[in-house]
Amino acid sequence: MKSVAILGCGVVGSGVARLFTDSAARIAKAVGEPVELKYVLERRDCSGEPWAGRVTEDFDLIESDPAVSVVCECMGGVGAAYQFVRRSLLAGKSVVTSNKQLIAEHGLELLELARARDAFLLFEASVGGGIPLLRPLTDELAANRIDEVFGIVNGTTNYILTQMIAHGKSFAEALREAQALGYAEADPSADVDGVDAQRKLCILTDLAFGSNVPPETVPTEGIGGVTAADVALAASLGCAVKLIAHAKSLPDGRFTAFVAPRLVPETAMLSQVSGVMNAVAVRGDAVGECLFYGPGAGSLPTASAVVGDAVDALRRVGRKYIDWGPEQPERFVHPDALPWRWYVRGRGALALPGAETVAAAGGETACLTGPMTRAELDAALHGREALACLRVLE
Ligand code: HSE
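The shown structure was predicted, so the numbers you read here are calculated from the model rather than taken from an experiment.

Engineer: Break down unusual backbone geometry for me, citing the residues and quoting the values.
Structural biologist: At aspartate 118, a position not held by glycine, the phi torsion is positive, near 55°. Tracing the sequence through the fold places aspartate 118 in the loop between helix H5 (100-116) and strand E6 (121-122). Assessed through its relative accessible area of 37%, aspartate 118 is described here as partly exposed.

Engineer: Outline the sheet that holds strand E5 (residues 94-97), listing residues and values.
Structural biologist: In space, the six strands of this open sheet follow the order E3-E2-E1-E4-E5-E6, with parallel pairing throughout. Taken across any chain shown, the strands that pair with only one partner, and hence form the sheet edges, are strand E3 (55-56) and E6. Pairing analysis gives five bridges linking strand E1 (residues 2-7) to strand E4 (residues 68-73), with the strands arranged parallel. Each residue of the ladder has a partner; that of isoleucine 6, found in E4, is cysteine 72.

Engineer: Give a description of the environment of threonine 217 that names residues and reports values.
Structural biologist: Inspection of the secondary structure puts threonine 217 in the loop between helix H10 (195-209) and helix H11 (228-236). The sequence separation of threonine 217 and glycine 128 amounts to 89 residues, and the corresponding C-alpha distance is 21 Å. With residues up to four places along the chain from it excluded, the contact list for threonine 217 reads Glu327 and Phe332.

Engineer: Can you explain the environment of glycine 354? Please cite residues and give values.
Structural biologist: Position of glycine 354 among the secondary structure elements: in the loop between strand E12 (342-347) and strand E13 (358-361). A relative accessible area of 52% places glycine 354 in the exposed class. Each C-alpha atom, one on glycine 354 and one on glycine 79, is 50 Å from the other, the two residues being 275 residues apart in sequence. If near-sequence neighbours (up to four positions away) are discounted, glycine 354 is found in contact with Leu368, Thr369 and Gly370.

Rules used throughout
- Residues numbered from 1 in each chain as written.
- Predicted model: local features only at pLDDT ≥ 70, side-chain atom pairs only at ≥ 80, totals over all residues.
- Heavy atoms only, no water.
- Helix = DSSP H or I, 4+ residues; strand = E, 2+ residues; numbered from the N terminus.
- Buried < 20%, exposed > 50% of the residue type's maximum accessible area, 1.4 Å probe, protein only.
- Pairing = 2+ DSSP bridges.
- Contact = heavy atoms within 4.5 Å.

So, to be careful, I would describe these as geometric facts and stop short of saying anything about function.
If you want it as structure tokens, here you go:
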């Protein structure tokens, strides 16, 4: 018999508790012996839930119980969650977590601690919700030099954009729906402003390029500035507007990483990723391009990834020592310094170099430029005001 504890019983934690309860036979088969959900750390009333009898407010109880070999952290944030994860690892317990902020901000240190204590620290659920993504990136693609990772990693903003594009809903209405469905962060500005996607991109970049990328170093733009006009003009240019997290290596070993709304050509599979679904493309030198697609948020999809990690940690199989090195600021290139094609919306004619297509609506024009840096674009605009400038994903 193995024992686990869950820290936090909100959207994700309750899904994890449900799986340990309802899928106990399947989990026991995967682990090779029964797995008992021994504790659920939660202050809120859980009466009526099948795990109500295991609820405690006392983390010390979990920390000091040698029977608990795996702790599932589902609290979120970097306050108590950080302290409890540290203390669990120090006590020699393995930790699995869905907490992208924790891993993006403290992953380097916590992974070192896990290694020192011969414990697992796994975080598949932190990026892409239920999609198996990090394990393929680190294990199945281990033979590859990873050249690029890009995709849709925030379900809430993709849900909002999809509702705006496909159903003409307002931003506020679509956000309310995403919150009601349990997709949004406790503070949904982290979704809307791109901060959640930034944290996830840091984890992907850390793993893909091997050096720590602090979230504050990653240029990040949310979807707050995307208008119905942009969505409509993009469509007439054969593109969809998507919030894209993008990390790309350069031939000299440096790399860029940024989060921004982008125009995605309708011929690209990413343009068809709708609602809460996420999709991340990984380009490796041996494998070429793989696309990982699936539900990026929600209780049971995220819990599925947490429990998958817990099974590995309980069996003590899989790649235990996932890690990356310290930050190398000299390798980071700001995306503005690199050439991209741009979507530009403005009033009147926009004769920009290399512009291929022009559409018009309500007295505004939009075009797709040839590749240019941000400074080259500003120079080409000759002081004319652009109402929107979004990079094209190619
Ligand atoms: N708020 C996040 C999202 C939850 O919408 O993608 C999953 O990380």
